[in-house]
Amino acid sequence: FGYRINLINEQGDTYVKDGGKMDRQTASLAFDWRLTRDVVLSVDALHQERRVDAVYYQLVPNASGGVSNAISAPPAAVDGSKRLASPFAYSQVRSTSLGTSLSWQFAPEWNAKVSYRKWDQDMQSDHSFLYANAAGTYSEMQISLPSQVRSEQTQAMVTGSFGGDYLRNDMTLGVSYSGIYAQESNDFKSAVLGTGVLGANTNYANPGLSTVWSGGGWRFPEQQKSAFISDIVHFGSQVDLIGGLRHSSFRSTTYDKGAVTPTLAVVYRPVNWLSTYASYVEALEQGSVAPTGTINANEVFAPLKSKQTEIGVKAELENWSGSAALFRMNQALTYITSGGVYTQDGQARYQGLELSSKLRLDRRWNLLASAVFLDARNTRTSGGTLDGKRPPGASRQQYSLYSEYSLADMPATLTGGVRYVSARALDTANNWELPGYTVWDLGARYVTHLGQTKTTLRLNLDNVANKAYWLMAGSNRLIQGAPRTVRLSAQFDF
């Protein structure tokens, strides 16, 4: 019998100055009980309550600075520590998760497992929407809207191996069911608080919108059923063939759609330190839901099939490892029109090259680097008017470099890194874009002992230069990037 208990209480300021506060409590319990040598019962439960003050849902860049979804040039990025929403704007979430599983090793190399999970969430949010023009003039609108989500998932799966040393199979087969039910309260309130200049910490009167649950409005029941089988065939130590089929079906009040999707891959190792691979995967993905703040908020779109192809190589030597992959992926294209309507239209095609490497310069100094070169384009849009445009949020290049250096005369390691993201398309028509940004991080860790307990102390300084930058919060929507942040932690191993 084994158990694990986690208790968390977190209170204090967020990195948003002048009103940013957070209050979080979490309790969880998990245990495994070996009923017999071959049967294990697992149960876990988690409850969390979390409230954050002075938060906004998103910022909409427009030409007027008034309440309008007509997208225009974005304002200059604002330091992430500066408060943009009123201090009384908040988001409060209460969630509970319960799960259990029963695992049976019914043969030496075969296992059967049945699992069930239920998750409930209640959200009370009086958060803000911001609308700002390129000069930084903005309007703040507060929305008060309680919501609930209920979901459950059941899965039964069998895994096992058979065959000899040269030809061996690893097989998986199973079925799953999931259901989700979401609703928003009939009691919906909103108010425009006023206008100001971004970063000026404007204070408006609290309109006292707070609502209470008064019965559901929007209802979104959806059921997903799946049956799947896959097999990995090992030909000695050099070749693996992977094949799988999954039948998925999504059913709701507005659609009933199913499809069979394949997974195919091959791995070849010409020498023990080098692997090459190629893969093709299809999946039937859940349709998107129009977000709050759009004219057709909560409209549910039908599922669509995604496709991904990838070829790559991986190498691992004593002092160097690296990988390179060419990929192409097609997904549903979603965006918000200039009139504020959320749309699922056509496909977003992502293709590019991903590189990563780790180099040990000597026994104390390690370097890790990665790069992504991305060509993202819209395809098959209605009338072809958006074909060839970049999907919102897609950058052409991303780079990162991270270094660790262990000091010679003490158990301490210095760390540092830099991340770069190139300019991203802001809107689907590519009339405007967000500038690229570079973020530097520094850190150190020190290993010691407190009595017989191994103790690791870590100090990290994120965004050293306090770079202000925008992140995408969905199509055409923005949120601030995190400001300069200092983190100190201790880890005890006993």
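Scroll up for the structure.
Residues numbered from 1 in each chain as written. Predicted model: local features only at pLDDT ≥ 70, side-chain atom pairs only at ≥ 80, totals over all residues. Heavy atoms only, no water.

1. A short note on the overall build of the protein chain
And then number 1: A tally of regular secondary structure across the protein chain gives 0 helices and 28 strands.
And then number 2: Its C-alpha radius of gyration of 26 Å places the protein chain within 12% of the 23 Å reference for a compact globule of 494 residues.
And then number 3: Across its three principal axes, the protein chain shows a C-alpha extent of roughly 75 × 65 × 50 Å.
And then number 4: Expressed as a percentage of its 494 residues, the buried residues of the protein chain come to 38%.
And then number 5: Of the contacts made within the protein chain by residues no fewer than 6 positions apart, 62% connect residues no fewer than 24 positions apart.
And then number 6: Accessible surface for the protein chain amounts to roughly 25,900 Å². Of this, 56% is attributable to carbon and sulfur atoms.
And then number 7: Once the 46 positive and 42 negative side-chain charges of the protein chain are each reduced to a mean point, those two points are 2 Å apart. (Helix = DSSP H or I, 4+ residues; strand = E, 2+ residues; numbered from the N terminus. Rg over C-alpha atoms; globule rule 2.2 N^0.38 Å. Buried < 20%, exposed > 50% of the residue type's maximum accessible area, 1.4 Å probe, protein only. Contact = heavy atoms within 4.5 Å. Areas by Shrake-Rupley, 256 points an atom, 1.4 Å probe, with all protein chains shown as cover. Lys, Arg positive; Asp, Glu negative; His and termini not counted. Charge placed at Lys NZ, Arg CZ, Asp CG, Glu CD.)

2. Here we look at the nonpolar core
One recurring pattern in soluble globular proteins is that nonpolar side chains are buried together.
And then number 1: Within the largest apolar cluster, 24 residues are counted, with the highest numbers of intra-cluster contacts made by Y56, L59, L84, L198 and W470.
And then number 2: Those elements that place two or more of their residues in this core are β4 (56-61), β6 (110-132) and β7 (137-144).
And then number 3: Here this core takes 4 residues from β6, the largest share from any one element.
And then number 4: The residues touching L59, leaving out its near neighbours within four places in the chain, are P75, L84, L130, A132, L198, W470, N476, R477 and L478.
And then number 5: Formed by 7 residues, the second largest nonpolar core is a distinct cluster that contains A348, Y350, L386 and A394. (Core = buried A, V, L, I, M, F, W, Y, C linked by side-chain atoms within 4.5 Å.)

3. Overview of the pattern of salt bridges
And then number 1: What the rule picks out here adds up to 18 salt bridges.
And then number 2: Of the charged contacts in the structure, one is a salt bridge between R24 and E10, with a shortest N-O distance of 3.0 Å. Taken as a pair, R24 in strand β2 (residues 21-34) and E10 in strand β1 (residues 2-13) lie far apart in primary sequence, 14 residues in all.
And then number 3: Assessed through its relative accessible area of 30%, E10 is described here as partly exposed.
And then number 4: Residues R419 and D441 are paired through a salt bridge, measuring 3.4 Å at the closest nitrogen-oxygen approach. Residue R419 is found in strand β21 (residues 412-421), and its partner D441 is found in strand β24 (residues 437-450); the two are separated by 22 residues along the sequence.
And then number 5: A relative accessible area of 38% means that R419 is categorised as partly exposed.
And then number 6: Beyond isolated ion pairs, a larger network of salt bridges with shared partners links K118, D120, D122 and R150. (Salt bridge = Lys/Arg side-chain N within 4 Å of Asp/Glu carboxyl O.)

4. Here's the deal with empty space enclosed by the protein
And then number 1: Inspection of the entire model under this criterion finds 1 cavity of 30 Å³ or more.
And then number 2: Of the voids in this model, the largest cavity is the one considered here, and its volume is about 30 Å³.
And then number 3: In terms of lining residues, the largest cavity is bounded by R83, L84, A85, Y138, V197, L198, G199, A200, N201 and T202.
And then number 4: Residue composition of the lining of the largest cavity, by class: 6 nonpolar, 3 polar and 1 charged. (1 Å grid on protein atoms, 1.4 Å probe; cavity = no way out; pocket = protein on both sides within 12 Å on 5 of 7 lines; lining within 4 Å. Points joined across faces, edges and corners; volume = space filled by probe spheres on them. Nonpolar A, V, L, I, M, F, W, Y, C, P; charged D, E, K, R; others polar.)

5. Points about the layout of surface pockets
And then number 1: As a volume, the largest pocket reaches approximately 610 Å³.
And then number 2: In terms of lining residues, the largest pocket is bounded by 27 residues, among which T14, Y15, V16, V52 and V55 are the most central.
And then number 3: Breaking the lining of the largest pocket down by element, the ones donating at least two residues are β1, β3 (39-53), β4, β5 (90-107) and β27 (478-480).
And then number 4: For the lining of the largest pocket, the element with the most residues is β1, which contributes 4 residues.
And then number 5: Taken together, the residues of the lining of the largest pocket break down into 13 nonpolar, 9 polar and 5 charged.

6. Some details on a nonpolar patch on the surface
And then number 1: Taken together, V271, W273, L317, W320, L359, L361, W365, Y405 and L414 make up a surface patch of nonpolar side chains, about 770 Å² in accessible area.
And then number 2: Relative to the assigned elements, W273 resides in the loop between β14 (256-271) and β15 (274-285).
And then number 3: Of the residues examined, W273 reaches a relative accessible area of 38% and is grouped as partly exposed. (Patch = residues over 30% accessible without salt bridge, like charges linked within 9 Å, V, L, I, M, F, W, Y side chains within 5 Å.)

7. Examining the packing of aromatic side chains
And then number 1: The tally for this structure, following the rule as stated, stands at 10 aromatic pairs.
And then number 2: Seen from their ring centres, Y57 and F129 are 5.1 Å apart, and the 45° between their planes marks the pair as tilted. A residue pair is termed long-range when its members are at least 10 positions apart, and Y57 in strand β4 and F129 in strand β6 qualify at 72 residues.
And then number 3: Given a relative accessible area of 34%, Y57 falls into the partly exposed group. (Phe/Tyr/Trp six-rings, centres within 6.5 Å; stacked < 30°, edge-to-face > 60°.)

8. Brief notes about the pairing of β14
And then number 1: In this sheet, β14 lies alongside strand β13 (residues 239-252) in antiparallel orientation, the contact comprising 13 bridges. Of the residues in β14, the one forming a bridge with D240 is V267.
And then number 2: A loop of 3 residues connects β13 with β14, the two strands running antiparallel in sequence.
And then number 3: By the bridge criterion, 7 bridges tie β14 to β15 in an arrangement that is antiparallel. Across the sheet, the residue bridging to L264 is Y280, located in β15. (Pairing = 2+ DSSP bridges.)

9. With respect to the environment of G346
And then number 1: Among the secondary structure elements, G346 is positioned in strand β18 (residues 342-360).
And then number 2: Note on G346: relative accessible area 18%, which makes it buried.
And then number 3: The contact partners of G346, leaving out residues within four places of it in the chain, are Q331, A332, L333, T379, R380 and T381.

10. Thoughts on the side chain of E404
And then number 1: Residue placement: E404 occurs in strand β20 (residues 397-406).
And then number 2: Of note is the side chain of E404, whose polar atom sits 3.1 Å from the side chain of R445.
And then number 3: Beyond its immediate sequence surroundings of up to four residues, E404 is in contact with R364, W365, N366, T413, L414, T415 and R445. (Polar contact = N/O pair within 3.5 Å; in protein donor to acceptor, adjacent residues only side chain to side chain.)

11. Points about the environment of V289
And then number 1: Assignment of secondary structure puts V289 in the loop between β15 and β16 (304-316).
And then number 2: Sequence separation between V289 and Q25 is 264 residues, and the spatial gap between their C-alpha atoms is 29 Å.

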